[in-house]
Amino acid sequence: MSDATPNEHTPQDDAERIRLKRLAKLQTSASGFAAPSGSSTPSIGTSRPSSPKPSLPKVISKPSPATKKILEPTPTPLEPPIRKKAPLHLDLDIWEDEMITGVLKVTLDKSVAERSSYDIVWLKPLADEIKSEAAVQPLRLNIDLIDRLLIARLEIDPQAMTDDLDFLPVLASLPPQQTIFEYLVGAWKRLNVFRTSLIKKGYTPAETQTALTRLDKLRDLVISYSGLTLQEPEMFPQPSGRLLGPPELVAPLLSLSTLSTPLYSSNTASTNTLSPTDVELFLQDLAHRFEPDNEIDEVLGDVVRQLLFHESLFRPEGLGGAVATWRGVVGGLEALVSVKSIAVMITRMPEWIPANATAANFEKLSLMGPLCRLGVFAREWPAIAQSYFSEPEKRSPQDLESSYASLRGTLKSLQSTLFQIFNTLVRAAPNSREAVLQYFSKIVSLNVKRAGLQVDPDTVASDSFMVNIQSVLYRFAEPFMDANYTKIDRIDPLYFAHSDRIDVTEETRIKATAQEASQWAEENRLSGGPAPNFISDIFYLAVATSHYGYQKTISSYSELDKHLEDIERHLSFLNGDGSWMGTPLQARIQASINNINNEKAKVQSAQYAYEAQLKDPELVFRSIGFTVFLSVWLIRQADPKKTHPNPLAELPLSKDVPMSFRVLPEYIVEDIVDYFHFATRHAPDKFELAGKTELLTFILTFLSSTWYIKNPFLKSKINDVEQTGASSQFYDKFNARRNISYVLKVVWNNPTHREALNREAENVDKFIRFINLMINDVTYLMDESLSELTQIHDIQTEMDNKEEWNSKPLEYRREREGTLRQLERHASSYTTLGRSTVELLKLFTAETKKPFMMPEIVDKLAAMLDYNLEALVGPRMQNLKVRQPEKLRFDPKALLSDVLQIFLNLSDQPEFMKAIAGDGRSYSKGLFEQAERIMFRRSLKSGTDLEKWRLLITKVEEAKETLEAEEDLGDIPDEFLDPLMFSIMRDPVILPTSRTTIDRSTIKSHLLSDTTDPFNRMPLAIEDVVSNTELKSQIDAFLIERKQRNKASGSGPEDSMNVAH
């Protein structure tokens, strides 16, 4: 054996210590296989021990389908066999010797090795060792020896030197560059061949089962050492210059995608490497062996890391490369997660949600990040925009569509596979499902700032990453978004009190203050109850991801339009009248024009790249579907009966706004409106398939029940979605209304005419229409004028710093000066129109108050006034200081006085006090007290008015209260439902020409914007409708009966394990 003295440490001693250390880990608490050399005497030859052999406790033997086939009764054949063959007899000892020799390619008999030309390795040292233990001939291999046989084979170093001439042919015949992992894979594959052959032979079931059990023991040992080699590749002698350990399994994983195989496959098939058909079975064997005590984490952890952080995911060409190497990563990951225990293991890894990751680097540090960040947007993948959309001005529509189709096909493949992977992880186990939800939640929490107006894109997640995550969440949501909304009540309306997965404490609420929202959450917080179900988690995560991610990406795309407009204006400015041509300035100006044209081409290419994803018909369809579902769900929360859309909510909605609706984040409404606006502009044809009715219902609901939303700009957005038209119509509208306002003010100064107007105002239905237009105009005009005044202030402040201003490039100064002139022109028009409309409101509210107190008006009016008061006396008022305000027709003192007077005119109206109190966005007691101080300091009002103002503050503070919702009416007969709104009719009327029965409130709402019958487009006036008294009696009887029967409503808890499928 060795000539070393007892005190010397030889390489063999070191190897032995390492081997014993690893074996101790493998065989903890097990008597296991035969002990190492010298520890016991194994059974040799044909004799077998009478006691059963112990097996490795951590090994899980999984019967193969073939095994089950032998044990199950064979069905009777249709035609009986002519002759029934007797089962073959299996000599287990001989078979066992041949099997071990064939699988491990080892022998203790030199002659066997010689006959195979040393393809079978003669383990001479082990043979000598065993002979000294028990001189039994011949040396036949059996299952008790496999541990010693395998270790002896693995410890042979082909590069070692030896003086033993008998052993020299063994070393010379070993594959010089074969790694330990390759040898073990070869043994595993040969073992599978023996298994298949054994089953086909037709031995007796008992003999077959015994042989299979011995095969499984050998399989367990081979797999054990395969796993250990992945962890510690230097445990046994290895060839130099080879990638060892995890890369040896990563390579076959990467080969699973046919589109990526040119990079990782070769023409020569090897019996010692995993083919694509071997990988999944090999992974299953690894998982069964190492799953207990989470040992699989150490075995496959680095494999997962090297696969998911593969270099191909970080190449500049991304999805657009000629060789789709990223698909190999996808294929490998699909194989890994197909094994349940590996799927669960992946979500346990520290890199699943890396500690201390930021919004910007999370997609590069988390395991799924590099795959999820693949996309087409130019900022993170500029090579795609450059290769697919180069020279954008020369691209024909057909050429663009071809590029779109190519990229969209790739995106569809990626996003579909990402969903399948996440879905597999969700279904693997409760722990992995929770880990996936935490992953999505972490993305949301890290990217809260992404929704801001001014955000550095380098500090947040990329557009590609967020859109891909959105796509995954949309797919998760599809199962509960059925056409009949049967699962809509599985969404927990109290989610933000029941779960802290999404933090909305800093978000503006639809109609609640931060204090009210906090109190509501505390009152409804679960104490030991079940957490919200999976459907609720996915729903709210999809909504939040849309707000912080998808909607911001759409906004970034929209900004490119503005950028292009700026570039066009700059080009127009530089080109001028062409008088510079032929002058000394020509070279300089032409160079500037060329540079700007290059910038324009980059912006257009980036725009086309955005369109490849954002206008992808499949993504648009999913987005519309989810947004429609969200809009229906939101109305259902506002509906006192909680039955919308079956039947539709009755409009206008109750004045009692449910607190569960009020505390919802305002961004839910805003994102619905914003996406509907985007979709109607860029993909109106998609609404022909679905969503048109729901879009109109959403708009009508909140335009007719404006008190449900406190933010006036949000209400204005809803109105903008409803009303579209040419830009000239927009300006014509305000020009016409400016002239009307002048006429009205003249009329108002005449007592006789003023009395006539007061009489006209008594017709509340008609006058409300006019009031609504006035409030809309004030909201828009004041917002635009104050916004542009702020921008003027900023530019003037910049120009006042002469030294810094003069240091700016000439082109920059010219551009800023041009912007200032444009802002001044616009601001002058806006301030004039806005001031005149505010004056009208001041005059009308002094004379007639009832129309302003109608539910569809009062909240809108209060919100508009509160907002403008905050702009004029709040912290932002400093931004309104501009040079020569009279030049801009801006008189802040007079404007503030008019706004304050409107408040005072309506201070005796309880409805108005409640409306102010309900405006959590702009109203605060401190704001109104600040207005009082300014009112006093600048002598804007008399002492009497100051007293009225103090009393107004007291009344508003006392007006805050919570109203209870109406009860649920349950199922309603179809004939009682409004044909447009699908809500129960309270005052049914018959339309004269179409003979359709509809609720009076619905047709009145319709006629505010369209004076035709909605069913046949014939002219119609509200006076023409005929009451359907018979139907009204039936409905009234139904309401009385149902209210008596249904005094309370509620629903049972859903199974929190429901995965929405």
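Numbers given to residues run from 1 along each chain, matching the order in which its sequence is written. pLDDT decides what is reported in this predicted model: residues at 70 or higher carry local features, side-chain atom pairs at 80 or more are listed and counted, and totals for whole chains, interfaces and linings draw on all residues regardless. Note that the side-chain values use all heavy atoms of the structure and ignore hydrogens as well as water.

Engineer: Would you mind showing me how to read the overall build of the chain here?
Structural biologist: Put simply, DSSP marks the helices as runs of H or I at least four residues long and the strands as runs of E at least two long, and each gets a number from the N terminus on. Check the secondary structure of the chain and you find 42 helices and five strands. Entry remark: accessible area of the chain is about 49,300 Å², with carbon and sulfur atoms responsible for 52%. Note on areas: Shrake-Rupley with a 1.4 Å probe; residue coverage comes only from the protein chains shown.

Engineer: Before we go on, may I ask you to explain the side chain of Gln 637 in this structure?
Structural biologist: With respect to the element layout, Gln 637 can be found in helix 26 (residues 617-638). Those residues in contact with Gln 637 that sit more than four places away from it in its chain are Pro 493, Lys 642, Pro 658 and Phe 661. Only heavy atoms matter for contacts: two residues are in contact if any of them lie within 4.5 Å across the pair.

Engineer: So what exactly am I meant to see when it comes to the packing of helix 35 (residues 810-847) against helix 37 (residues 892-905) here?
Structural biologist: Packed helices, taken two at a time, are described by the angle between their axes plus the distance between the axes. Only C-alpha atoms enter the line fits that serve as axes; for helices the fit covers just the stretch in contact. Angles between N-to-C directions range over 0 to 180 degrees. Closest axis-to-axis distance for the helix 35/helix 37 pair is 9 Å, and the angle between their directions is 25°. On the basis of the axis angle, helix 35 is roughly parallel to helix 37. Relative to helix 37, the crossing made by helix 35 is left-handed. Residues Arg 835, Val 838, Glu 839, Leu 841, Lys 842, Thr 845 and Ala 846 of helix 35 form the contact with helix 37, whose own contacting residues are Ala 894, Leu 895, Asp 898, Val 899, Gln 901, Ile 902 and Asn 905. Only Asp, Glu, Lys and Arg are considered charged in this grouping, and only Ala, Val, Leu, Ile, Met, Phe, Trp, Tyr, Cys and Pro are considered nonpolar; every other residue, Gly among them, is considered polar. Here the contact of helix 35 with helix 37 is composed, by residue class, of seven nonpolar, three polar and four charged. Oblique is the label for every angle not falling under 35 degrees (roughly parallel), over 145 degrees (roughly antiparallel), or within 65 to 115 degrees (roughly perpendicular). Here a crossing is taken to be left-handed if its near helix is turned anticlockwise relative to the far helix by less than a right angle, and right-handed if that turn runs clockwise.

Engineer: Can you help me understand the packing of helix 19 (residues 397-428) against helix 25 (residues 586-614) in this one?
Structural biologist: Look at helix 19 against helix 25: their axes get within 9 Å of each other, and the N-to-C directions meet at 50°. Relative to helix 25, the element helix 19 lies oblique. With respect to the hand of their crossing, helix 19 and helix 25 are arranged in right-handed fashion. The residues of helix 25 that touch helix 19, namely those facing Leu 400, Tyr 404, Leu 407, Arg 408, Leu 411 and Gln 415, are Tyr 608, Glu 611, Ala 612 and Gln 613.

Engineer: Before we go on, may I ask you to explain unusual backbone geometry in this structure?
Structural biologist: Peptide bonds are trans in most cases, and residues, glycine excluded, mostly fall at negative phi. With an omega of 10°, the peptide bond running from His 644 to Pro 645 counts as cis. Mapped onto the elements of the fold, Pro 645 is located in the loop between helix 26 and helix 27 (659-662). With an omega of -5°, the peptide bond between Leu 651 and Pro 652 qualifies as cis. Checked against the element boundaries, Pro 652 lands in the loop between helix 26 and helix 27. Residues other than glycine seldom take positive phi values, yet Asn 294 does so here, at roughly 60°. Inspection of the secondary structure assignment puts Asn 294 in the loop between helix 12 (276-290) and helix 13 (296-308). Non-glycine residue Asn 356 carries a positive phi angle of around 65°. Structurally, Asn 356 can be placed in the loop between helix 15 (340-348) and helix 16 (362-365).

Engineer: Even after reading the chapter, I still don't get the side chain of Asn 447, so can you show me in this structure?
Structural biologist: With respect to the helices and strands, Asn 447 occurs in the loop between helix 20 (430-446) and helix 21 (463-477). Categorising residues by exposure relies on relative accessible area from a 1.4 Å probe, with only protein chains included: less than 20% of the type maximum marks a residue as buried, more than 50% marks it as exposed, and the intermediate range marks it as partly exposed. When its relative accessible area of 2% is taken as the criterion, Asn 447 is described as buried. In this view, Asn 447 contacts Ala 359, Val 460, Ala 461, Met 466 and Tyr 548; residues no more than four positions away in its chain are not counted.

Engineer: How should I be thinking about the sheet that holds strand 5 (residues 1026-1027) in this particular structure?
Structural biologist: Sheet strands pair by backbone hydrogen bonding; their relative direction is either parallel or antiparallel. For two strands to be treated as a pair, DSSP must find at least two bridges joining them. Pairing within the open sheet is antiparallel, and its three strands lie in the order 4-3-5. The open sheet is flanked by strand 4 (997-999) and strand 5, the only strands paired with a single partner. Relative to strand 5, strand 3 (residues 988-990) runs antiparallel, the two sharing two bridges. Paired with Val 989 across the two strands is Ser 1027, which belongs to strand 5.

Engineer: Mind showing me how you'd approach the pattern of salt bridges here?
Structural biologist: In what follows, salt bridge is the name for a side-chain nitrogen of Lys or Arg lying within 4 Å of a carboxyl oxygen of Asp or Glu. Counted under the stated rule, the structure contains 43 salt bridges. One salt bridge connects Glu 618 with Lys 412, and the closest N-O pair in it is separated by 3.5 Å. Pair noted here: Glu 618 is in helix 26 and Lys 412 is in helix 19, with a separation of 206 residues, a long-range link. Looking at Glu 618, the relative accessible area reads 26%, which means it is partly exposed. Accessibility expressed as a relative area gives 44% for Lys 412, which makes it partly exposed. When salt bridges that share partners are traced, they join Lys 412, Arg 475, Glu 478, Glu 618 and Arg 622 into one network.

Engineer: Hey, could you run me through the nonpolar core in this one?
Structural biologist: Where a protein is soluble and globular, its nonpolar side chains tend to be buried together. Put simply, a nonpolar core is a bunch of buried Ala, Val, Leu, Ile, Met, Phe, Trp, Tyr and Cys residues held in one set by side-chain atoms that sit within 4.5 Å of each other. Formed by 218 residues in total, the largest nonpolar core has its most connected members in Leu 104, Leu 249, Phe 422 and Leu 634. Looking at which domains feed residues into this core, each of domain 1 (92-231) and domain 2 (617-727) supplies at least three. Other than its neighbours up to four places away in sequence, Phe 422 contacts Trp 352, Met 368, Cys 372, Val 436, Tyr 439, Phe 440, Val 472 and Phe 476. Residue ranges for the domains trace back to a domain assignment, done automatically or taken from a database.

Engineer: Hey, could you run me through the packing of aromatic side chains in this one?
Structural biologist: In this description, an aromatic ring pair is defined by two values, namely the gap between the centres and the angle between the planes. By convention, a stacked pair of Phe, Tyr or Trp rings (six-membered ring in the case of Trp) has centres within 6.5 Å and planes under 30 degrees apart, an edge-to-face pair has planes over 60 apart, and any other such pair is tilted. Within this structure, the stated rule accounts for 45 aromatic pairs. With centroids separated by 5.8 Å and ring planes inclined at 75°, the aromatic side chains of Phe 476 and Phe 534 adopt a geometry described as edge-to-face. Here Phe 476 is found in helix 21, whereas its partner Phe 534 is found in helix 24 (residues 534-575), with 58 residues between them in sequence. You'll find Phe 476 and Phe 534 in the same group, each marked buried. Placement of a positive charge over a ring is assigned whenever Lys NZ or Arg CZ falls within 6 Å of the ring centre and within 35 degrees of the normal to the ring plane. Above the plane of the ring of Phe 290 lies Arg 289, whose end atom (NZ or CZ) is 4.6 Å from the centre. Cation over ring: Lys 808 sits above Tyr 812, and NZ or CZ is 5.4 Å from the ring centre.

Engineer: What's the story with a positive patch on the surface in this structure? I'm lost.
Structural biologist: Only residues whose relative accessible area exceeds 30% and that form no salt bridge enter a patch; like-charged residues are grouped when within 9 Å of one another, and nonpolar side chains (Val, Leu, Ile, Met, Phe, Trp, Tyr) when within 5 Å. When charges are counted, Lys and Arg contribute as positive and Asp and Glu as negative, whereas His and the chain ends are disregarded. Throughout, a charge is located at the NZ atom of Lys, the CZ atom of Arg, the CG atom of Asp or the CD atom of Glu. A grouping of Lys 881, Lys 893, Arg 933, Arg 937 and Arg 938 is seen on the molecular surface, where their side chains present a positively charged patch. Within the fold, Arg 938 resides in the loop between helix 39 (925-937) and helix 40 (943-958).

Engineer: Please clarify how the environment of Trp 352 should be interpreted in this entry.
Structural biologist: Along the polypeptide, Trp 352 turns up in the loop between helix 15 and helix 16. Given a relative accessible area of 2%, Trp 352 falls into the buried group. Distance in space between the C-alpha atoms of Trp 352 and Tyr 439 is 7.6 Å, their sequence separation being 87 residues. Beyond its immediate chain neighbours, meaning those up to four positions away, Trp 352 contacts Ile 346, Thr 347, Phe 362, Ser 366, Leu 367, Met 368, Phe 422, Leu 425, Ala 435, Val 436 and Tyr 439.

Engineer: Quick question: what am I supposed to make of the environment of Phe 389 here?
Structural biologist: In this structure, Phe 389 sits in the loop between helix 18 (382-388) and helix 19. A C-alpha to C-alpha distance of 7.7 Å links Phe 389 and Leu 400, two positions 11 residues apart in sequence. If we ignore the near neighbours within four places in the chain, the residues touching Phe 389 are Ile 384, Arg 395, Leu 400, Ser 403, Tyr 404, Leu 407, Ser 605, Tyr 608, Ala 609 and Ala 612.

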